[in-house]
Each structure stands twice: as C-alpha cells, then as structure tokens.
Amino acid sequence: MLLLALDTATPAVTVALHDGDGVVAESSQVDARRHGELLLPAVDRVLDQAGVKLDAVTAIVTGVGPGPYTGLRVGLMTAETFGSALGVPVHGVCTLDGLAYAAGIEGDFVVATDARRKEVYWARYADPRTRLTDPAVDRPAEIAEQVAGLPAVGAGARLYPDTFPDARGPEHVSAGALAALAAERLAAGRELEPARPLYLRRPDAQVPKNYKVVTPK
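Cut-off values and rules
Residues numbered from 1 in each chain as written. Predicted model: local features only at pLDDT ≥ 70, side-chain atom pairs only at ≥ 80, totals over all residues. Heavy atoms only, no water. Helix = DSSP H or I, 4+ residues; strand = E, 2+ residues; numbered from the N terminus. Expected span 1.5 Å × (residues − 1). Buried < 20%, exposed > 50% of the residue type's maximum accessible area, 1.4 Å probe, protein only. Contact = heavy atoms within 4.5 Å. Phe/Tyr/Trp six-rings, centres within 6.5 Å; stacked < 30°, edge-to-face > 60°. Pairing = 2+ DSSP bridges. Axes fitted to C-alpha atoms, helices over the stretch in contact; angles between N-to-C directions. Parallel < 35°, antiparallel > 145°, perpendicular 65-115°, else oblique. Nonpolar A, V, L, I, M, F, W, Y, C, P; charged D, E, K, R; others polar. Arc of directions from axis to C-beta. Salt bridge = Lys/Arg side-chain N within 4 Å of Asp/Glu carboxyl O.

Caption draft 1: Representation of helix 6 (residues 175-187). Relative to the 18 Å expected for 13 residues at 1.5 Å per residue, helix 6 spans 18 Å between its end C-alpha atoms, a close match to the ideal helical length. Taking burial as the measure, the 13 residues of helix 6 include 10 buried ones, the bulk of the element. Taken together, the buried positions of helix 6 are Ala-175, Gly-176, Ala-177, Leu-178, Ala-179, Ala-180, Leu-181, Ala-182, Ala-183 and Arg-185. If you follow the buried residues of helix 6, they end up packed against strand 1 (3-7), strand 2 (12-18), strand 3 (23-30), strand 4 (59-63), strand 5 (90-93) and helix 3 (95-103). Backbone geometry just downstream of helix 6 places Gly-189 in the positive-phi region, at approximately 80 degrees.

What follows is the structure, given as structure tokens:
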C-alpha cells in the first residue's frame, strides 16, 4: 500500500505519503491564496523525499471539506486527475475528521475551521475517530449553547474565543493525519467516502446584479 493524501480545504496546502504502517513523507504550507500554485510542487517534493515515483502510488486520499469552493476544488480535481491517470482508487475523507484524528482528544470535543463570512465549518466528536454530527456551517454565536464547555480544535475555534474558550491545536489539517486515518479505516475493512466535495453553501464569487448578457447576432 502507498497512499498519496492531499487536502486544500483549509489555508493549508498539505500532501503526504503513507505506506500502510506510517507516514513516510509530508509537506504542508499555509497560504489561502495559492492552493493551485503550491499543490503540485508539494506532491513532487513528497515523492522526492520518499524516493518513489508517482506510479508507485496505489490509492489517492483527498480531503473533501467542508471548505471554501475555490480552494477545495483544487485538491479534489487534482486527486481525480491522479486517480484517472494512474488507474487507482480515489478515496474521500472529511477534512474535519482529519483534524479530529490529529488532535487525539478523548471525550467530547468540537472541530471548527474558518468558513469566512464570520462563520465556521464545524462538527462535534465523541473521540478522535467518531463524529457525532454532520458537518455544518454557522455563525459561532448561533452554536454557542451546543458547544459550551467543550474543547475545540482548528483555526475557526481560535478566531472566536468567546464561543470556543478552550481552543487547541492543530489549527489546520495535515495530509499525514488524513492518510493515517484512511489507512486505519481501510485496514479495518471500512468503505471510505467517495471523493465528492462537501459544499455547505454557495461560492463566494457571484455574478454581478447588473450583468448584461450580450447575444451575438
């Protein structure tokens, strides 16, 4: 087994290789505006670190969000392209699940990432492997009662200390955690999610209200 994992659902552009026993190479850079520029060089860097070629990869793992539309689709499209070119399966893992797994908190806690527009993408967990709620997007004040008293992981938690006073790391997902979680689930015979994006709202980019369509004559 050699899993190539990647995620662009948060400001982190993160890539890792996992051989079934552990992470053998990993790269992460935080830059919310350069997902498209940074992702492929990161893949090359990780392959070089591991001393393998892309055709050695046996499966692709990609974070499916939730996340902003533009950043998220960079990772998903890249994963699908690699899977098609190599003829290997492409597995999806919820980005929030990867953060929860990396946090390693025992007992109820929350994962919250920055959704912009003064909102967070979030879900509640019973432990690092068990999500209790579907991913959602809300303003922090609207979920204050639901998350009161719980530790919280992720950059979204750090942005809103009034709602998440017990904010902890990591702030962003790592592809190493995604790969390790996927490898664990595959070893247990669990079927992973399809690589479909978790878009919880419409894209930030909108067509101008006074946009005029010109029909060619």
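Caption draft 2: Main features of the packing of aromatic side chains. Enumeration over the complete set of coordinates arrives at 2 aromatic pairs. Ring geometry for Tyr-69 against Tyr-199: centres 4.8 Å apart, planes inclined by 35 degrees, an arrangement best described as tilted. Of this pair, Tyr-69 sits in helix 2 (residues 69-86) while Tyr-199 sits in the segment after helix 6, and the two are 130 residues apart along the sequence. With centroids separated by 5.5 Å and ring planes inclined at 20 degrees, the aromatic side chains of Phe-109 and Tyr-125 adopt a geometry described as stacked. Of the two residues, Phe-109 sits in strand 6 (residues 109-116) while Tyr-125 sits in strand 7 (residues 119-127), which places them 16 residues apart along the sequence.

Caption draft 3: Representation of the sheet that holds strand 1. Across the sheet, 5 strands lie side by side as 3-2-1-4-5; this open sheet has mixed pairing. Each of the sheet's edge strands pairs with one partner strand only, and the pair in question is strand 3 and strand 5. The mean angle between the axes of side-by-side strands here comes to 15 degrees, regardless of whether they run parallel or antiparallel. Judged from the 4 bridges that link them, strand 1 and strand 4 form a sheet pairing that is parallel.

Caption draft 4: Seen up close, the packing of helix 3 against helix 6. It is the contact of helix 3 with helix 6, at a shortest axis distance of 8 Å, that shows an interaxial angle of 90 degrees. With respect to helix 6, the element helix 3 is oriented roughly perpendicular. Along the contact surface, helix 3 presents Asp-97, Gly-98, Tyr-101 and Ala-102, while helix 6 presents Ala-177, Leu-178, Ala-180, Leu-181, Glu-184 and Arg-185. The residue inventory of the contact of helix 3 with helix 6, partitioned by class, reads 6 nonpolar, 1 polar and 3 charged.

Caption draft 5: The arrangement of helix 2 in detail. Over its 18 residues, helix 2 extends 26 Å from the first C-alpha to the last, a length consistent with the 26 Å expected when each residue adds 1.5 Å. For helix 2, the complete set of buried residues consists of Gly-71, Leu-72, Gly-75, Leu-76, Thr-78, Ala-79, Phe-82 and Gly-83. What you see down the axis of helix 2 is that its buried residues fit within an arc of 155 degrees, all on one side. Exposed and oriented more than 90 degrees from the buried face of helix 2 are Thr-70, Met-77, Thr-81, Ser-84 and Ala-85. In this fold, the buried residues of helix 2 make contact with strand 1, helix 1 (35-50), strand 4 and strand 5. Immediately beyond the C-terminal end of helix 2, within one or two residues, lies Gly-87, with a positive phi of roughly 70 degrees.

Caption draft 6: Expanded view of the pattern of salt bridges. Under the criterion given, the structure shown has 9 salt bridges. The partner of Asp-97 in a salt bridge is Arg-185, and the shortest N-O contact between them spans 3.5 Å. Taken as a pair, Asp-97 in helix 3 and Arg-185 in helix 6 lie far apart in primary sequence, 88 residues in all. Owing to a relative accessible area of 4%, Asp-97 belongs among the buried residues under this scheme.

Caption draft 7: Main features of unusual backbone geometry. In this model, Gly-65 is joined to Pro-66 through a cis peptide bond whose omega is 10 degrees. Residue position: Pro-66 is located in the loop between strand 4 and helix 2. Residue Pro-170 is reached from Gly-169 by a cis peptide bond, and omega for that bond is 0 degrees. Take Pro-170: it is sitting in the loop between strand 11 (167-168) and helix 6. In this structure, Arg-117 is a non-glycine residue whose phi angle is positive, near 50 degrees.

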